[in-house]
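Take a look at the letters that make up each chain.
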Amino acid sequence: MMSTDVKKTFFIETFGCQMNKSDSELMSLSLSQNGFTTAADVDTADIVIYNTCSVREHAENRVISRIRSRRRAASDERQIIVVAGCMAQRIGIVLIENKIADIVVGPYQSPGIGRFIRNYLDSAGGRSFLSQEMDDFSGRINPGLYTIGGDSAWHRWVTITHGCENNCSYCIVPRVRGDLISFPSAQILGYIRGLSEHGAKEITLLGQNVNQYGTDSGDMPFHVLLGHAAAIPGIERVNFLTSHPKDFNDGIIRAISEHGNISRSIHLPLQSGSDRILKIMNRGYQLRDYMTIVEKIDRELGNYSLSTDLIVGFPGESRDEFDATLRAVESIRFDEAFTYAYSPREGTPAFPLKETISRREKIARLQELIALQRGISRLKLKERIDLVEETIIERFSKKSDDRVMGRTNLNHIVITEGTEDDFGKKVMIKIDGIRGNTLQGTRIA
Ligand code: SAM
Ligand code: SF4
Ligand code: F3S
C-alpha cells in the first residue's frame, strides 16, 4: 500500500460527452486541492483515472480494453486504476470484482474524488473503493461544484442541470445520471459572474436537455437564464448544449437574436427522419415539428449553423424509414451531423426490441449517411468563403507554431496567423478558403 507522504501524480483520460469533460475538470481540481499533482503522461502517473461513457456498448468495451492493456503495462501494480463516470455508475461492482478497477467513483462524486483517493491510500490494506450508490444522486447539487480554475482560463463549462427525464427509449443516460435536477439560477449566475471576474470570456451552459431547465424546480425558464448569462459583463460568448426539439421554443430563438454574444451554432438532435421511428424512440416530436423549428431559426436568425445527432438501424427501421432520414438530411442541410449505429443498452425501454437488420447492413446505412452528410458539410463550409467571422482563438494549430486555431460564432474551426497572446481573444477573420475540413482565414481586426 502506498503512503501519502510523497506527492502522488495523476492522469485523467476522458471519454463521452461535454458533461464528462466538465466532471474531469472538477476531478482535477479536487485532486490538486488534496495534494496530488498532474503527471507528465499516463506511463509515469501513480493514479490513472478513466472518466467513462456508457452510451454505446462500443464506448464501454474500448475503455475496458484500454484499462486491461494499462494493467499489463504496469505489471508491478504501481499504478492505481480509477474508473469514474457513467460506466462506473452502471457496472461499478463488476469492475471491482473483476479487478479491472481499484477505485470506482460515480459521476456525481467527481468533486469528492481527491478525498476518496486520499482515504484509500491511507487505509492500510484496503484493496478497493466503491462509491456509486444511486442514493448519492440526492447530494449532487453541491455548491462546491462551482469552483474557479481548470484547464482553460477563458472557456468554462457551466453545468446547469444534472440528469434527464426524457427517457428516449434507446438511451442509458437517465439510468446512470438520474432524473432532471436544475441548479438554482442565482447560484449559476453568481458563478458565471465569478468566472468572468477571473478572466473567463466564453462559457458553455451544459445539460442533457438544457431547454428543460427549471421545469423541475419552478425556477426561470431556460431562455431567460440564457439571456441573463449573456448579459453578464465580460462574457463574450455563451454556448449551450444540448437542446431538444420538443422543448426548443421561440423564447430561445428570441434570446439568441437579442444577444450578439450567444452562439449561433445550434445543436438540435433529430435522431431519425421517420415519424414511426421517432415515436418508438419516444422523442415527443415529428419531422414536421422539427422542420418548423428550422424554418423559424432560418427566418429569425439568418446567419446560424445547425448540427444534429442521428441514429441508424434502430430496431425495426425499414429501408424506407432509413431513406426518410437521408431525405431529411438532404432537405435540412445540417452543417454537421454526429451519426451513430444503434447500440442496444440493457435497462433501456428499447433493449427488448428485436434488431431487424444485420450489423453489416447497419454499418452500410451508417456509411451511406456519413457520405451524404460529408458532402453537405463541405458545401456549407464553402459558403463561408469571403465572409468575415467573429472568432475566439483557442490554441496553436496542430500543424504549425505560428498559426493558431479558433472557433467562429457558428462553431466552425478556422486557422489563422497568431501567437500565444491571442488565446482567448475575440478577433475578426476574413475566410480565404478551406484546407481539408478546416477554414483558413486572415485577421482583419
Ligand atoms: N442529451 C443529448 C441528446 O438528447 O441528444 C445527448 C444524448 S447522448 C449522450 C448523445 C447521442 O448519442 C444521442 O443524441 C444519440 O444520437 C446517441 N445515442 C444515445 N444512445 C444511443 C444508443 N443506444 N445507440 C446509438 N446511439 C445512441
Ligand atoms: Fe438520452 Fe433523450 Fe435524455 Fe438525451 S434527451 S440524454 S437522448 S434520454
Ligand atoms: Fe456518455 Fe454519460 Fe455523457 S453515458 S454521453 S458520458 S452522460
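What counts and how
Residues numbered from 1 in each chain as written. Chains lettered and ligands numbered in written order. Predicted model: local features only at pLDDT ≥ 70, side-chain atom pairs only at ≥ 80, totals over all residues. Heavy atoms only, no water. Helix = DSSP H or I, 4+ residues; strand = E, 2+ residues; numbered from the N terminus. Buried < 20%, exposed > 50% of the residue type's maximum accessible area, 1.4 Å probe, protein only. Contact = heavy atoms within 4.5 Å. Polar contact = N/O pair within 3.5 Å; in protein donor to acceptor, adjacent residues only side chain to side chain. Near = heavy atom within 4 Å. Nonpolar A, V, L, I, M, F, W, Y, C, P; charged D, E, K, R; others polar. Domains from an automatic or database assignment. Buried area = accessible area lost by both parts, 1.4 Å probe. Salt bridge = Lys/Arg side-chain N within 4 Å of Asp/Glu carboxyl O.

Caption draft 1: Just unusual backbone geometry, in detail. That bond from Leu241 to Thr242 is cis: its omega, -5 degrees, falls within 30 degrees of zero. Within the secondary structure, Thr242 is located in the loop between strand E11 (237-241) and helix H8 (250-258). If you check the backbone angles, Lys99 has positive phi at about 55 degrees while not being a glycine. Relative to the helices and strands, Lys99 resides in the loop between helix H3 (86-97) and strand E5 (103-105). Of note in this structure, Asn282 is not a glycine but carries a positive phi near 65 degrees. Position of Asn282 among the secondary structure elements: in the loop between helix H9 (275-280) and helix H10 (287-301).

Caption draft 2: Layout of H8. Those residues of H8 lying buried are Gly251, Ile252, Ile253, Ala255 and Ile256. Along its buried surface, H8 packs onto helix H7 (222-230), E11, strand E12 (265-267) and H10. Near the N-terminus of H8, the side chain that reaches the backbone nitrogen of Gly251, with its oxygen 3.2 Å away, is that of Asn249.

Caption draft 3: Region of interest: the site of ligand 2. By nearness alone, every residue bordering ligand 2 is listed as Cys164, Asn166, Asn167, Cys168, Tyr170, Cys171, Val173, Pro174, Gln208, His244 and Arg283. Counted by class, the shell around ligand 2 contains 6 nonpolar, 4 polar and 1 charged residues.

Caption draft 4: Spatial organisation of the domain arrangement of the chain. Along its sequence, the chain is carved into domain 1 (9-136), domain 2 (143-382) and domain 3 (388-443). The C-alpha-based centres of domain 1 and domain 2 are spaced at 27 Å. Contacts between domain 1 and domain 2 engage 23 residues on the former and 25 residues on the latter. Contact with domain 2 buries surface across domain 1, with Met19, Glu25 and Tyr108 losing the most and accounting together for 32% of the total. In this structure, the connection of domain 1 to domain 2 is made through 3 salt bridges. Between Glu60 and Arg345 there is a salt bridge, and its shortest N-O distance comes to 3.6 Å. Connecting domain 1 to domain 2 are 7 residue pairs in polar contact (both at pLDDT 80 or more). Mapped by element, the contributors of at least two residues to the side of domain 1 that touches domain 2 are helix H1 (18-33), helix H2 (57-73) and H3. Among the elements that take part in the side of domain 1 that touches domain 2, H1 stands out by supplying 10 residues, more than any other. Class assignment of the residues belonging to the side of domain 1 that touches domain 2 gives a composition of 10 nonpolar, 6 polar and 7 charged.

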